[in-house]
There are 2 protein chains.
Amino acid sequence: MATLQLLINENLFLRDPQETELGRKIVQDSIAMIDELGFEKFTFKKLAQRIDSTEASIYRYFENKHKLLVYLIAWYWNWIEYRIDYCTQNIESPERKLEIALKVIAEKKDKDPTFPQIDEEALYRIVIAESDKTYLTKQVDEDNKEGLFRGFKSLCKRVASYILEINPDYVYPHSLVSTAMQAGHQQLFYAQHLPSLSDLNNSEDELYIQNEKFLKELVFHAIKN
Amino acid sequence: MATLQLLINENLFLRDPQETELGRKIVQDSIAMIDELGFEKFTFKKLAQRIDSTEASIYRYFENKHKLLVYLIAWYWNWIEYRIDYCTQNIESPERKLEIALKVIAEKKDKDPTFPQIDEEALYRIVIAESDKTYLTKQVDEDNKEGLFRGFKSLCKRVASYILEINPDYVYPHSLVSTAMQAGHQQLFYAQHLPSLSDLNNSEDELYIQNEKFLKELVFHAIKN
DNA sequence: CAATTATGATAGTAACACTATCTTGCAGTA
DNA sequence: TACTGCAAGATAGTGTTACTATCATAATTG
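Below is a short write-up of the structure. Here the structure is a predicted model, which is why all the values come from computation and not from measurement. (Residues numbered from 1 in each chain as written. Chains lettered and ligands numbered in written order. Predicted model: local features only at pLDDT ≥ 70, side-chain atom pairs only at ≥ 80, totals over all residues.)

With that settled, consider the protein's contact with DNA strand C. Of all residues adjacent to DNA strand C, which total 14 residues, the nearest are Thr-43 and Asn-64 of chain A together with Leu-22, Ser-53 and Ser-57 of chain B. Residues that form the surface near DNA strand C fall into these classes: 4 nonpolar, 6 polar and 4 charged. (Near = placed C-beta within 6 Å. Nonpolar A, V, L, I, M, F, W, Y, C, P; charged D, E, K, R; others polar.)

In terms of nonpolar packing, the biggest core is built from 134 residues, with Tyr-71 and Leu-72 of chain A together with Tyr-71 and Leu-72 of chain B touching the most fellow members. Excluding its chain neighbours within four sequence positions, the residues that come into contact with Tyr-71 of chain A are Ile-8, Leu-12, Phe-13 and Phe-62 of chain A. (Core = buried A, V, L, I, M, F, W, Y, C linked by C-beta atoms within 7 Å. Buried ≥ 20, exposed ≤ 12 C-beta atoms within 10 Å, placed from the backbone. Contact = placed C-beta atoms within 7 Å.)

In the vicinity of DNA strand D there are 15 residues, among which Ser-53 and Ser-57 of chain A together with Thr-43, Ala-56 and Asn-64 of chain B approach most closely. Looking at the surface near DNA strand D, its residues break down into 4 nonpolar, 6 polar and 5 charged.

Looking now at the interface of chain A and chain B. Listed by partner, the interface residues are 42 residues for chain A and 43 residues for chain B. Of all the secondary structure elements, the ones that give two or more residues to the side of chain A that touches chain B are helix H6 (120–130), helix H7 (140–145), helix H8 (150–166), helix H9 (173–193) and helix H10 (204–223) of chain A. (Helix = DSSP H or I, 4+ residues; strand = E, 2+ residues; numbered from the N terminus.)

In the superposition of chain A on chain B (RMSD 0.0 Å, axial shift 0.0 Å), the rotation amounts to 180°. A rotation of that kind, with that shift, is consistent with a two-fold axis. Scanning chain A for the C-alpha nearest the rotation axis identifies His-221 of chain A, at a separation of 2.8 Å. Most of the interface of chain A is mirrored in chain B, where 100% of its interface residues again form contacts. (Least-squares fit on C-alpha atoms with pLDDT ≥ 70 in both.)

Further remarks concern the packing of helix H4 (residues 65–87) of chain B against helix H5 (residues 94–106) of chain B. All names here are of chain B. Remark: H4 packs on H5, axes separated minimally by 9 Å, with the N-to-C direction vectors making an angle of 140°. Compared by their axis directions, H4 and H5 come out oblique. Taken as a pair, H4 and H5 cross one another with a handedness that is right-handed. Where H4 approaches H5, its residues Ile-80, Arg-83, Ile-84 and Cys-87 are matched on the opposing element by Ile-100, Ala-101, Val-104 and Ile-105. (Axes fitted to C-alpha atoms, helices over the stretch in contact; angles between N-to-C directions. Parallel < 35°, antiparallel > 145°, perpendicular 65-115°, else oblique. Left-handed = near helix turned anticlockwise from the far one by under 90°.)

By themselves these figures say nothing about function.
Encoded structure:
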């Protein structure tokens, strides 16, 4: 298994954390800490203590904790797009490609040995619970201009293109995809914390399969003419 | 036009803000301020200055700013349920009721003279930009136990019941409704800030109509058997 | 009139989100 | 080997946030 590196937008960091020992530790341990504490209670000070470094050193990699979160979420979406790429190799049928994309988005996330330094399970929990906070801010327009959300947007565009291949007359391909991608996370969160907002039963095995089925039905029914 | 008061869960406040002058000012001006500054930059200190009161006084009404936000969002959902109630009076057909519910959820929000002290337009912008933050926290389970999300859940249940009337075999009525309600807000946010994630064009007149159409198609296609 | 209670005034605290500066140590180069 | 550059550590400091506590005062109620 080859060890790869995902290319992340340079505006997301001051110094590339993938290139140094300390940088990798920052990313690795921030994933663990945000997962444990939640984003609001996570601080650079606590992270510094944990990795036996200093606040100042962390600030040399990331401008602030918001950028670090956006970095992690961007990494996630790049990873998902890479996985969709990988899994749709040599497949022609747009229906099949759409199905695979939805599967990759909704499926249970296990450790990907291609990226040994990232704990994808923890990161997935962060994506579910925190990713909306990356853009629900007053600086969203500036952040967007800097290209911080490129990963999500590019993925959305790609899956929307499958939909247009299937039904060129469908009017809302991007809206449908962005809705489905967010719904996938939301339903997992609801199933766990606000179960009356969801019909997925919170049993580990069934959960992800049901979620995938819900999304597939939603999308394929929507684009049927 | 009768002036009504919505009944809000008592766990959301320490002293009922609807019953005093100061309380109403807190609610009114916090809506304006959160709309202007965004929730993270909004503080009780700034609010106190604006309404010529003190931090301490505001803390006598709301435990903290998170609870205040949850209060505002709860008010909003109660208002929406009241409006759906109002607009579905004497209507039998579940299809029609579902349509009306989606319309009320998606339509442009204007000042409702029934609640003269609330700026519904500003509140709607807050709901779009901030409402997810009410439950995307580590204390979601405790907050939920206290019934803080009752409004949203009750509305979801009601609309889901329309769906089950239409098609008793549809397996994901709650998931579909919660997805649609969130999608409605999300698409408006995307249209304005991340337009490549949406197909709604950001022209004031068309926007809400398109959004409503998107949601209706999504929901009605999903439940068709 | 006395008692209660809402509000205001003021002060204080721990944590947070940085910023600045200076030093150390190490890797590469002349 | 000495020189240079730079990453990281050490330390300190600042303004703000999110509270909590206490006391005074004014208005309302019994």
